[in-house]
Amino acid sequence: MKAKRSMLNLGFGLTSQVITIILGFFIPRLIMVNYGSEANGLIASIVQIISYFALLEAGVGAASLQALYKPVAKNDYNHINSILAATSSYYKKTGIYYFISVVLLAVIYPLVIHSEISKLSIMAIILFSGLGGAINYYYQGKFRVLLIAEGKSYIETSIVTIANILNNVVRIILLLQGVDIIAVQASFFALTVLQMIAFYIYSKRYYKWIDLGQKPDFEAIGQKNSVMVHEISYMIFRNTDVLILTIFTNLKVVSIYVMYNMIFTIVDNIVQTVNGSVKSALGQSYHEGKEAFVKFYDAYEVYFMGLIFSILTVVYILILPFMRLYTAGVNDVNYINFWLPVLFVVIKLLTNARTSSNNLITIAGHFRNTQFRSIMESAINLGASIICVLFFGIYGVLMGTIAALLYRSIDIVVYANRVLLERSPWVTFRRWLINVGVFVAIVFITTKIDLSMTSYTSLILWGVVLGLVILPIYYIAGSLMEREVFLYAWGYARRFRTKIKLKRSKVTASQT
């Protein structure tokens, strides 16, 4: 069942990402062409700031998820309801703060930022960009946590994907018609509300056993404050750069950053989709026996890390040719920059290659034990980014993030291996070094080859070819260096295929 749900989560998640990527590519360009780079930077800046309001949830969501793994594995509905009751209470309380924060931002932001766009327009854009999220947070936050804990992320993905398709199609049509940018954001708000209604209908139909009237188990989510520290650190890495650039540079520089970050955010989303599809299985496996869990964990770390490196290798090779095509005709600022892809790739490798170790800390519930380390990471990131942006501009914020990541990524790997797995961290560091060596070798070879990418068609074709060649290279390298992991993964895959064949044969036999 766990394997099946993981596969469903992965399939639905990747399908969602492909659709979102295809539709999402149109919108930033249409905004830049029709309204200018300043409008693109403004909307990106607002979206990033609003994402900070998710910190109100920080702690309770992850703490509830960790607390739910065990009762979900045992089908203990009474305990699940007690945890959800506590979670719901917290979401409702902080949901009000979320709403107030959006309104305050709409009032204050236009007074602080210098822009040619009118203050009333900025205020309306903020309200339509943030209020939908506030409403969803208040009503549906706890239910989405339950879906993830049960390994049913594909349900959430399906609803969100449909909403995203409708949202992007409507926005593209409005942008092509040259409609006012306020109306474009208003359509986003309307479809976000429809998404909430879809979640409500599904929960009432398939989760009739949910009873939030039971006594809340606040002790189960008692580590929410410690989890909050970790969530704040994560939010800083995802959003602080745009905020710092907005304050210390200008919206055109923000637009440059956002365009490169758009590509790497897609990578993040794909990686998190894969990670999320397996995380619930890891969480439940952790409570079923250490020996089996360690084998499962090692296989996941080796091949997940190979996937990350392969995707980022392809993106690094393609990003500048893509940027030349994508920003053609946008002349108010130069978007072509050799060093930005280098810095972004370093950040994403350090962030995502540590995911398996970070998963282990989360699943084990070691939030309080590691919160000081997250505080240090945040302090280094903020301090270094602010100092460096004054001297190096857009490069400075990326350099500050790299400085913090070097500290924290090493620390996470050491903690996960020594404290939780009781082994040397060299096991994970060796896997990093192997993949870094493969990355450098592939990039060096591709620089010697003339890859002609002068159209979107050639770019896509080269992307497919490179992906089909590069992913197996990483997986072969990992398998050769980790023979026991390969044998375990191969055996697991064979058992999974056998179960599917048996199930199909039973279905066929029952039909005849």
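What you are looking at is a predicted structure, and each value in this text was computed from that prediction instead of being measured. (Residues numbered from 1 in each chain as written. Predicted model: local features only at pLDDT ≥ 70, side-chain atom pairs only at ≥ 80, totals over all residues. Heavy atoms only, no water.)

1. Some thoughts on the layout of surface pockets
- Estimates place the volume of the second largest pocket at around 320 Å³.
- In terms of lining, the second largest pocket is formed by 14 residues, of which the most central are Lys 142, Ser 203, Lys 204, Ile 210 and Leu 212.
- Top element by residues in the lining of the second largest pocket is helix 6 (residues 119-149). It accounts for five residues.
- Here the residues of the lining of the second largest pocket are counted per class, giving nine nonpolar, two polar and three charged. (1 Å grid on protein atoms, 1.4 Å probe; cavity = no way out; pocket = protein on both sides within 12 Å on 5 of 7 lines; lining within 4 Å. Points joined across faces, edges and corners; volume = space filled by probe spheres on them. Helix = DSSP H or I, 4+ residues; strand = E, 2+ residues; numbered from the N terminus. Nonpolar A, V, L, I, M, F, W, Y, C, P; charged D, E, K, R; others polar.)

2. With respect to a nonpolar patch on the surface
- There is a patch of nonpolar side chains on the surface, built from Ile 96, Tyr 97, Phe 99, Ile 100, Val 103, Leu 104, Val 107, Ile 108, Leu 111 and Val 112 and spanning about 930 Å² of accessible area.
- Within the secondary structure, Ile 108 sits in helix 5 (residues 77-112).
- Its relative accessible area of 48% is what places Ile 108 among the partly exposed residues. (Patch = residues over 30% accessible without salt bridge, like charges linked within 9 Å, V, L, I, M, F, W, Y side chains within 5 Å. Areas by Shrake-Rupley, 256 points an atom, 1.4 Å probe, with all protein chains shown as cover. Salt bridge = Lys/Arg side-chain N within 4 Å of Asp/Glu carboxyl O. Buried < 20%, exposed > 50% of the residue type's maximum accessible area, 1.4 Å probe, protein only.)

3. Structural notes on helix 7 (residues 153-176)
- Helix length check: helix 7, at 24 residues, gives a terminal C-alpha distance of 34 Å against a target of 34 Å (1.5 Å per residue), a fit within 8%.
- Trailing helix 7 by a residue or two, Gly 178 shows a phi angle of about 70°, which is positive. (Expected span 1.5 Å × (residues − 1).)

4. Quick word on the packing of aromatic side chains
- The tally for this structure, following the rule as stated, stands at 17 aromatic pairs.
- An angle of 25° between the planes, with centres 6.4 Å apart, marks the rings of Phe 486 and Trp 490 as stacked. Taken together, the positions of Phe 486 and Trp 490, both in helix 18 (residues 483-511) and four residues apart, correspond to about one turn of that helix.
- Classification of Phe 486 by relative accessible area gives partly exposed; the value is 34%.
- Classification of Trp 490 as partly exposed rests on a relative accessible area of 46%.
- Cluster of aromatic residues (ring-pair linked, three or more members): Tyr 77, Tyr 202, Tyr 206, Tyr 207 and Trp 209. (Phe/Tyr/Trp six-rings, centres within 6.5 Å; stacked < 30°, edge-to-face > 60°.)

5. Here's the deal with the pattern of salt bridges
- Within the structure shown, the criterion is met by 10 salt bridges.
- Close ionic contact of Glu 377 with Arg 354 constitutes a salt bridge, the shortest N to O distance being 3.1 Å. You can see Glu 377 sitting in helix 14 (residues 367-392) and its partner Arg 354 sitting in the loop between helix 12 (339-352) and helix 13 (355-364), a full 23 residues away along the chain.
- Given the relative accessible area of 10%, Arg 354 is considered buried.
- A salt bridge links Glu 482 to Arg 430; its shortest N-O distance comes to 2.9 Å. Pair noted here: Glu 482 is in the loop between helix 17 (456-481) and helix 18 and Arg 430 is in helix 16 (residues 426-447), with a separation of 52 residues, a long-range link.

Note that every value here comes from positions in space, so none of it alone points to a role or purpose.
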